[in-house]
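# Close look at the chain arrangement
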Amino acid sequence: MEHPEVTIADGTIRLGQFLKLAGLIDTGADAKAAIAEGLVTVNGEPEQRRGGQLQPGDTVEFAGRGARVAAG
């Protein structure tokens, strides 16, 4: 599945921040809950660390939608 690229300014971004930036989730509280429940995947693997660092090239999926991290 092809995912849109979401550009980040720095070299890395936390998962919770990226979910909001990419429009995959509305609030930090929603991101925290979805991640804790194992509903978010990074590069096809469930990720339960909200503060996990993403780098350009990583793909994040939630609720049938996804986005790829791109360097700014």
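Rules and cut-offs
- Residues numbered from 1 in each chain as written.
- Predicted model: local features only at pLDDT ≥ 70, side-chain atom pairs only at ≥ 80, totals over all residues.
- Heavy atoms only, no water.
- Helix = DSSP H or I, 4+ residues; strand = E, 2+ residues; numbered from the N terminus.
- Rg over C-alpha atoms; globule rule 2.2 N^0.38 Å.
- Buried < 20%, exposed > 50% of the residue type's maximum accessible area, 1.4 Å probe, protein only.
- Core = buried A, V, L, I, M, F, W, Y, C linked by side-chain atoms within 4.5 Å.
- UniProt positions renumbered as here; feature names shortened; annotations may be inferred.
- Pairing = 2+ DSSP bridges.
- Patch = residues over 30% accessible without salt bridge, like charges linked within 9 Å, V, L, I, M, F, W, Y side chains within 5 Å.
- Areas by Shrake-Rupley, 256 points an atom, 1.4 Å probe, with all protein chains shown as cover.
- Salt bridge = Lys/Arg side-chain N within 4 Å of Asp/Glu carboxyl O.
- Lys, Arg positive; Asp, Glu negative; His and termini not counted.
- Charge placed at Lys NZ, Arg CZ, Asp CG, Glu CD.

### Considering the overall build of the chain
A count of helices and strands for the chain gives two helices and seven strands. Each helix and strand of the chain, placed in order from N terminus to C terminus, yields the pattern β-β-α-α-β-β-β-β-β. The globule rule puts the C-alpha radius of gyration for 72 residues at 11 Å, and the 11 Å found for the chain is close to it. If you line up the chain on its principal axes, its C-alpha atoms span 30 × 25 × 20 Å. With 72 residues in all, the chain has 38% of them scored as buried.

### Structural notes on the nonpolar core
In terms of nonpolar packing, the biggest core is built from 18 residues, with Leu 15, Phe 18, Leu 19, Val 40, Leu 54 and Val 60 touching the most fellow members. Those elements giving two or more residues to this core turn out to be strand S1 (5–8), helix H1 (15–21), helix H2 (28–36), strand S3 (40–42), strand S6 (59–62) and strand S7 (65–71).

### Let's talk about the UniProt feature "domain: RNA-binding S4" (unreviewed entry) in the chain
Under the feature "domain: RNA-binding S4" (unreviewed entry), the UniProt entry names residues 13–71. Along residues 13–71 one finds 27% helix and 34% strand; the C-alpha atoms at either end are 10 Å apart.

### Here's the deal with the sheet that holds strand S4 (residues 45–46)
The sheet built from five strands is open, its strands ordered S1-S7-S6-S3-S4 with mixed pairing. Bordering the open sheet on either side are S1 and S4, each of which pairs with just one other strand. Sheet topology note: the S3/S6 ladder contains three bridges and is antiparallel. Residue Thr 41 lies in a different strand from S6, and its bridge partner there is Glu 61.

### What to know about a positive patch on the surface
There is a patch of like positive charges on the surface, built from Arg 14, Lys 20, Lys 32 and Arg 50. Relative to the helices and strands, Lys 32 is located in helix H2.

### Topic: the environment of Gly 64
Tracing the backbone shows Gly 64 in the loop between S6 and S7. Between the C-alpha atoms of Gly 64 and Val 40, which are 24 residues apart in sequence, the distance is 9.9 Å.

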